[in-house]
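Chain residues, written in single-letter form:
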Amino acid sequence: MNPIITELHFPKKSKLKISTALFNFVKKNSRYKEQFLQSRYNTAFDGYSYIGQKNSLNQYENDMLHSFVISEFQDSKYFPEEFHSFLKEDWKKLITIVKNAELTKIKELNIPELSKLYEDNTIGYMMSCNYYPKPSSCKSNAKNNTRLSAHKDVSLFTTFPYGVDNGLSILGANDKYVEIGKIEKTFLFSGYFLEFMTHKKIPALNHQVDFSKDLDSERFSFAVFSIPKPNTTFLLNGKEINSDDYYKKYLSLF
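Residues numbered from 1 in each chain as written. Predicted model: local features only at pLDDT ≥ 70, side-chain atom pairs only at ≥ 80, totals over all residues. Heavy atoms only, no water.

(A) Inspection of helix H1 (residues 12-26) at higher detail. Look at H1: 21 Å from first C-alpha to last across 15 residues, which is about the 21 Å you get at 1.5 Å a residue. When we look at burial in H1, the residues that qualify are Ser14, Ile18, Ser19, Ala21, Leu22, Phe25 and Val26. One face of H1 carries all of its buried residues, which in axial projection span an arc of 160°. Of the exposed residues in H1, those oriented more than 90 degrees away from the buried face are Lys12, Lys13 and Leu16. Looking at the buried residues of H1, the elements they touch are helix H2 (30-33), strand S2 (47-49), strand S3 (66-71), helix H4 (84-89), strand S4 (123-132) and strand S11 (219-228). (Helix = DSSP H or I, 4+ residues; strand = E, 2+ residues; numbered from the N terminus. Expected span 1.5 Å × (residues − 1). Buried < 20%, exposed > 50% of the residue type's maximum accessible area, 1.4 Å probe, protein only. Arc of directions from axis to C-beta. Contact = heavy atoms within 4.5 Å.)

What follows is the structure in structure tokens.
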């Protein structure tokens with residue numbers, strides 16, 4: 001399933017709010033930021049990951065970005081104060097719109113087991129907030145000339161509510177990564193959970209983030225992931241599967 005462009009437009013002020021929150025967090029000192037590492041949360045994929053980190057669930061140590069995953073899986077008060085305004089004022093509306101876009105796509109696919117995930121309230125949402133510093137400041141540490149290594153997402157669907165800047169490349173039919181260019185509209189694509197639930201009939205989209213030719217260009221991206229909620233179960237071919245076991249299966253890809 002190639003990226004699906006939609007006609008959804010999220011307010012620019014919402015993107016500005018979350019971009020500012022992320023940037024202000026990244027600027028804080030290490031002692032402050034380390035309070036919010038993934039290991040401190042120990043809930044799904046929530047928390048902070050940084051350049052050079054060896055034990056992140058979200059990126060390799062050679063990836064050139066800082067990321068923070070926020071989600072609905074715990075009270076927003078446990079996330080850094082920089083994110084509180086966005087979580088209080090923008091989060092629910094954003095997730096409602098994303099979910100409706102997914103349900104439209106689910107209806108088109110006409111796969112009962114996928115519809116049941118939503119009927120049973122199995123699907124939850126998290127958002128990866130990503131800041132890529134200027135390549136000139138960190139390119140020497142990169143691998144394969146990428147800012148973010150090639151991978152499949154853990155999600156059923158991955159949605160970029162605010163579109164995406166230059167740099168995102170997807171694996172094409174000739175097994176080469178092709179940059180899709182800047183997209184200002186909302187779009188979504190298939191993740192590994194969709195591949196898992198459909199027995200690879202709908203494969204997850206392999207993608208990466210390439211280095212910009214402009215070595216002084218910072219980059220932000222915000223991706224919403226629909227995943228099975230922590231500590232839940234779902235059925236596949238009549239077999240009950242725990243969400244945490246699914247997370248482990250996904251992480252075994254790396």
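(B) Examining the sheet that holds strand S10 (residues 207-210) more closely. An order of S5-S10-S7-S8 is seen for the 4 strands of this open sheet, with the pairing classed as antiparallel. Where the open sheet ends on each side, the last strands, each with one partner, are strand S5 (146-151) and strand S8 (177-179). Sheet twist, expressed as the average angle between the axes of neighbouring strands with direction ignored, equals 25°. Across 3 bridges, the pairing between S5 and S10 is antiparallel. Bridging from a neighbouring strand, Thr146 pairs with Asp210 of S10. (Pairing = 2+ DSSP bridges. Axes fitted to C-alpha atoms, helices over the stretch in contact; angles between N-to-C directions.)

(C) Summary view of the pattern of salt bridges. Counted under the stated rule, the structure contains 7 salt bridges. Between Lys54 and Glu61 there is a salt bridge, with the nearest N and O atoms lying 2.9 Å from each other. Within the structure, one salt-bridge network assembled from shared partners comprises Lys17, Glu89 and Asp90. (Salt bridge = Lys/Arg side-chain N within 4 Å of Asp/Glu carboxyl O.)

(D) Structural view of the pairing of strand S13 (residues 239-242). Looking at chain direction, strand S12 (residues 233-236) and S13 are connected through 4 bridges and run antiparallel. Pairing of Leu235 across the sheet is with Glu240, part of S13. The turn linking S12 back onto S13 is made up of 2 residues, and Asn237 within it adopts a positive phi angle of 55°.

(E) Region of interest: the packing of aromatic side chains. Using the criterion set out here, one finds 30 aromatic pairs in the structure. Judged by centre distance (6.4 Å) and plane angle (40°), the ring pair of Phe187 and Phe189 falls under tilted. Judged by centre distance (5.9 Å) and plane angle (45°), the ring pair of Tyr192 and Tyr250 falls under tilted. With Tyr192 in helix H7 (residues 192-197) and Tyr250 in helix H8 (residues 243-251), the pair connects residues that are 58 residues apart, well separated along the chain. Given the relative accessible area of 8%, Tyr192 is considered buried. Overall, the relative accessible area of 6% leaves Tyr250 in the buried class. Among the aromatic residues, those joined into a ring-pair cluster are Phe45, Tyr60, Tyr192, Phe193, Phe196, Phe234, Tyr246, Tyr247, Tyr250 and Phe254. (Phe/Tyr/Trp six-rings, centres within 6.5 Å; stacked < 30°, edge-to-face > 60°.)

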